[in-house]
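Inside the fold
As a plain string of letters, each chain reads:
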Amino acid sequence: MHSRVISSLISLFLLLALIPTSHAAEDEIYTSRFGNAAASGYDVVAYFTAGKPVEGSKKYTFEYKGADWRFSSEENLEKFKADPEAYAPQYGGYCAWAVANGKTASSDPDQWTIHDGKLYLNYNSKIQKKWLKDKEGFIEKGDANWPSVLN
């Protein structure tokens with residue numbers, strides 16, 4: 001009798017594992033197109049120090065919030081380690097305009113803005129033009145939607 005109960009429970013577990021979920025939550029940090037690299041593998045510190053997107057190197061990698069963050073130098077890696085929240089893009093690197101509109105979308109490392117000391121990324125240049133027309137309004141909406149938009 002005991003083995004029949006265990007067998008039934010195992011069968012039930014296997015059956016439940018096969019039922020698809022209707023909607024899986026997004027990860028807190030956007031990495032989907034680039035393996036596990038955050039910010040498409042770009043050095044997020046460089047946006048602040050060099051004022052432009054700079055590709056990171058696998059040589060200078062740091063795991064933070066389940067994602068691999070790459071940097072172009074040891075110096076930038078150490079800056080990020082000391083204060084990741086100061087450099088990590090808002091909304092986990094998802095498109096800030098999309099988050100403001102209650103969605104998530106990938107981001108292009110070449111479409112970026114620093115506003116009030118925070119980094120925001122956008123999906124493409126067309127979306128960034130929309131974003132720049134009212135970035136403060138979109139930030140207000142994005143902040144209200146984050147992180148619930150991940151569910």
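Scroll up for the structure.
Residues numbered from 1 in each chain as written. Predicted model: local features only at pLDDT ≥ 70, side-chain atom pairs only at ≥ 80, totals over all residues. Heavy atoms only, no water.

**Examining the overall build of the chain**
Within the chain, the secondary structure is distributed over 7 helices and 4 strands. Element order for the chain, N to C, with α for helix and β for strand: α-α-β-β-α-α-α-β-β-α-α. Residues classed as buried in the chain amount to 37% of the 151 residues present. The contacts in the chain between residues at least 6 apart in sequence include a share of 55% that link residues at least 24 apart. Per element, the accessible surface of the chain, about 9,000 Å² overall, is 53% carbon and sulfur. (Helix = DSSP H or I, 4+ residues; strand = E, 2+ residues; numbered from the N terminus. Buried < 20%, exposed > 50% of the residue type's maximum accessible area, 1.4 Å probe, protein only. Contact = heavy atoms within 4.5 Å. Areas by Shrake-Rupley, 256 points an atom, 1.4 Å probe, with all protein chains shown as cover.)

**Re the pairing of strand β4 (residues 118-122)**
With 4 of 5 residues buried, β4 is to be regarded as a mostly interior element. Pairing analysis gives 5 bridges linking strand β3 (residues 108-115) to β4, with the strands arranged antiparallel. Residue pairing in the sheet places W112 in a bridge with L121 of β4. Adjacent in sequence and paired antiparallel, β3 and β4 are bridged by 2 residues, among which D116 carries a positive phi angle near 50 degrees. (Pairing = 2+ DSSP bridges.)

**Section: the packing of helix α6 (residues 125-133) against helix α7 (residues 135-145)**
Relative to each other, α6 and α7 sit at 95 degrees, their axes nearing to 5 Å. Viewed along their axes, α6 and α7 adopt a mutual orientation that is roughly perpendicular. Contacts between α6 and α7 pair K130, W131, L132 and K133 from the former with K135, F138 and I139 from the latter. Looking at the contact of α6 with α7 residue by residue, the classes come out as 4 nonpolar, no polar and 3 charged. (Axes fitted to C-alpha atoms, helices over the stretch in contact; angles between N-to-C directions. Parallel < 35°, antiparallel > 145°, perpendicular 65-115°, else oblique. Nonpolar A, V, L, I, M, F, W, Y, C, P; charged D, E, K, R; others polar.)

**Some thoughts on α6**
Listing the buried residues of α6 in full gives I127, Q128 and W131. What you see down the axis of α6 is that its buried residues fit within an arc of 100 degrees, all on one side. Exposed residues lying more than 90 degrees from the buried face of α6 are K126, K129 and K133. Where α6 begins, the side chain of N124 points an oxygen toward the backbone nitrogen of K126, at a separation of 3.1 Å. (Arc of directions from axis to C-beta. Polar contact = N/O pair within 3.5 Å; in protein donor to acceptor, adjacent residues only side chain to side chain.)

No statement about biological role is implied by the geometric values presented.
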